Amino acid sequence: MTSSARAFKVAYAVGLIVFLAIVVFPFYWILATSLKGFDAIYTYPPQFIPLRPTLANYRDVFVQLPFATYLKNSFIVSTVATLITVFAGSLAAYSIARILVKQRGKVLFIFLLVSMFPGIIIISPMFRVFMELNWLNSYQALVIPNVALALPLTLWILTAFFTQLPLELEEAARVDGCSRLQALSRIVVPLAAPGVFTAAILAFIATWNDFLFSLIFNTRDEVRTATVGLVLFPGQYTYPWGDITAATVLITMPLVVMVLLLQRWTIAGLTGGAVKG
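What counts and what doesn't
Residues numbered from 1 in each chain as written. Predicted model: local features only at pLDDT ≥ 70, side-chain atom pairs only at ≥ 80, totals over all residues. Heavy atoms only, no water. Helix = DSSP H or I, 4+ residues; strand = E, 2+ residues; numbered from the N terminus. Buried < 20%, exposed > 50% of the residue type's maximum accessible area, 1.4 Å probe, protein only. Contact = heavy atoms within 4.5 Å. Salt bridge = Lys/Arg side-chain N within 4 Å of Asp/Glu carboxyl O. Expected span 1.5 Å × (residues − 1). Bend = angle between axes of the 7 residues up to and from the residue. Polar contact = N/O pair within 3.5 Å; in protein donor to acceptor, adjacent residues only side chain to side chain. Axes fitted to C-alpha atoms, helices over the stretch in contact; angles between N-to-C directions. Parallel < 35°, antiparallel > 145°, perpendicular 65-115°, else oblique. Nonpolar A, V, L, I, M, F, W, Y, C, P; charged D, E, K, R; others polar. Left-handed = near helix turned anticlockwise from the far one by under 90°.

Participant: Got a sec to walk through unusual backbone geometry? Specific residues and values, please.
Facilitator: With omega at 0 degrees, the peptide bond leading from tyrosine 44 into proline 45 counts as cis. Tracing the backbone shows proline 45 in the loop between helix 2 (38–41) and helix 3 (56–64). For asparagine 134, which is not glycine, the phi torsion reads 60 degrees and is therefore positive. Here asparagine 134 lies in the loop between helix 6 (123–132) and helix 7 (140–164). On the basis of relative accessible area, asparagine 134 is assigned to the exposed category, the value being 66%. With a phi angle near 60 degrees, asparagine 137 is a residue other than glycine that sits in the positive phi range. On the secondary structure map, asparagine 137 appears in the loop between helix 6 and helix 7.

In structure tokens form, the structure reads like this:
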């Protein structure tokens with residue numbers, strides 16, 4: 001190995017370490033702050049490592065607010081929205097890939113164009129509709145708009161996978177007596193599992209992180225989600241950073257665990273869609 005190649009590898013490694021440190025440090029600081037007592041949080045110079053770690057902030061999160069209810073609501077809304085998005089997206093993507101072959105590009109372009117609009121644009125009309133239907137302060141008031149925003153990306157991912165699957169497999173299933181819907185559920189979707197997993201994970205994350213819809217459409221604790229509950233911690237003279245960071249960790253950990261457990265399918269789905277699409 002030449003000296004220039006060795007220097008390049010060293011520079012690359014140093015740059016990668018610096019980049020990872022910049023990206024990871026905010027997450028570490030939130031975790032470290034959540035383990036500090038009140039006095040340790042406001043000391044100067046700051047403690048980068050908690051000297052006397054405590055779980056008091058995590059206890060206070062559930063004492064001061066019904067945070068367990070918030071987490072439950074986030075899980076229900078995200079799960080239902082993800083299931084609806086994947087189900088509807090699979091049917092629509094199959095139709096685009098197999099039936100609307102000539103119009104495929106135009107249809108996908110329309111969905112891509114729609115997905116570029118920010119979610120705040122649909123707040124006012126949806127609020128009027130939900131008010132007339134008496135759906136404010138309900139789960140469906142959060143599920144429906146999140147499904148609407150997650151569907152375009154789901155269509156793009158699943159259409160790319162369905163298009164690349166051999167048509168002969170479906171024709172063989174049709175010869176054996178399967179309908180189009182049966183061929184989709186028994187042949188196409190299992191073969192496109194990486195794309196389905198990727199679409200489901202992205203839809204779940206987007207819904208779990210939703211703040212705007214939950215803030216506008218739901219104002220009662222019974223149906224409020226965790227992202228909105230995060231900003232409700234009381235502070236008379238100072239911000240309760242210990243409680244806020246502890247709640248942040250509780251909100252983030254389910255997503256981290258899910259991504260780590262399903263990262264193999266996620267990577268396969270993203271790379272497969274990128275190459276095959």
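On we go from here.
Participant: An account of the environment of phenylalanine 217 is requested, with residue identities and associated values reported.
Facilitator: Its location among the elements puts phenylalanine 217 in helix 11 (residues 212–217). With 80 residues separating them along the chain, phenylalanine 217 and asparagine 137 place their C-alpha atoms 6.1 Å apart. In this structure, phenylalanine 217 is in contact with Ile123, Met126, Phe127, Phe130, Leu136, Asn137, Ala141, Leu142 and Pro145, ignoring residues within four places of it in sequence.

Participant: Talk me through the pattern of salt bridges; I want residue IDs and the actual numbers.
Facilitator: Following the criterion strictly, the structure yields three salt bridges and no others. Arginine 220 is the salt-bridge partner of glutamate 222, the closest N and O atoms lying 3.6 Å from each other. With a shortest N-O distance of 2.4 Å, aspartate 221 and arginine 224 are connected by a salt bridge. For arginine 224, a relative accessible area of 12% translates into the label buried.

Participant: Let's hear about helix 1 (residues 3–34): which residues, and what values?
Facilitator: A rise of 1.5 Å per residue sets the reference length of helix 1, with its 32 residues, at 46 Å; its end C-alpha atoms lie 46 Å apart and thus fit the reference within 8%. In the structure, helix 1 departs most strongly from a straight axis at valine 24, where the bend amounts to approximately 40 degrees and where the proline proline 26 lies between one and four residues downstream. Along helix 1, the residues that are buried comprise Ala32, Thr33 and Ser34. In this structure, the buried side of helix 1 is in contact with helix 2, helix 3 and helix 13 (241–261).

Participant: Describe the side chain of threonine 198, naming the residues involved and giving the relevant values.
Facilitator: The topology assignment puts threonine 198 in helix 10 (residues 193–208). Owing to a relative accessible area of 1%, threonine 198 belongs among the buried residues under this scheme. Here the side chain of threonine 198 touches proline 194 through a polar contact of 2.8 Å, landing on its backbone oxygen.

Participant: Outline the packing of helix 10 against helix 13, listing residues and values.
Facilitator: One way to put it is that helix 10 packs onto helix 13 with a least axis distance of 11 Å and a crossing angle of 175 degrees. When the interaxial angle is binned, helix 10 and helix 13 end up roughly antiparallel. Contacts between helix 10 and helix 13 involve Ile201, Phe204, Ile205 and Trp208 on the former and, on the latter, Ile251, Pro254, Leu255, Met258 and Val259. Partitioned by chemical class, the residues of the contact of helix 10 with helix 13 number nine nonpolar, no polar and no charged.

Participant: Tell me what's going on with the packing of helix 4 (residues 67–98) against helix 10, and back it up with residues and numbers.
Facilitator: In helix packing, the relevant descriptors are the interaxial angle and the interaxial distance, both defined with respect to the helix axes. In contact at an axis separation of 8 Å, helix 4 and helix 10 are set at 140 degrees when each is read in the N-to-C sense. You can see that helix 4 and helix 10 cross each other, and the crossing is right-handed. The residues of helix 10 that touch helix 4, namely those facing Leu71, Ser74, Phe75, Val77, Ser78, Thr79, Ala81, Thr82, Thr85 and Val86, are Val196, Ala200, Ala203, Phe204, Thr207 and Trp208. Its residues assigned to classes, the contact of helix 4 with helix 10 shows 10 nonpolar, six polar and no charged.

Purely geometric stuff here, so don't read any function into it on its own.
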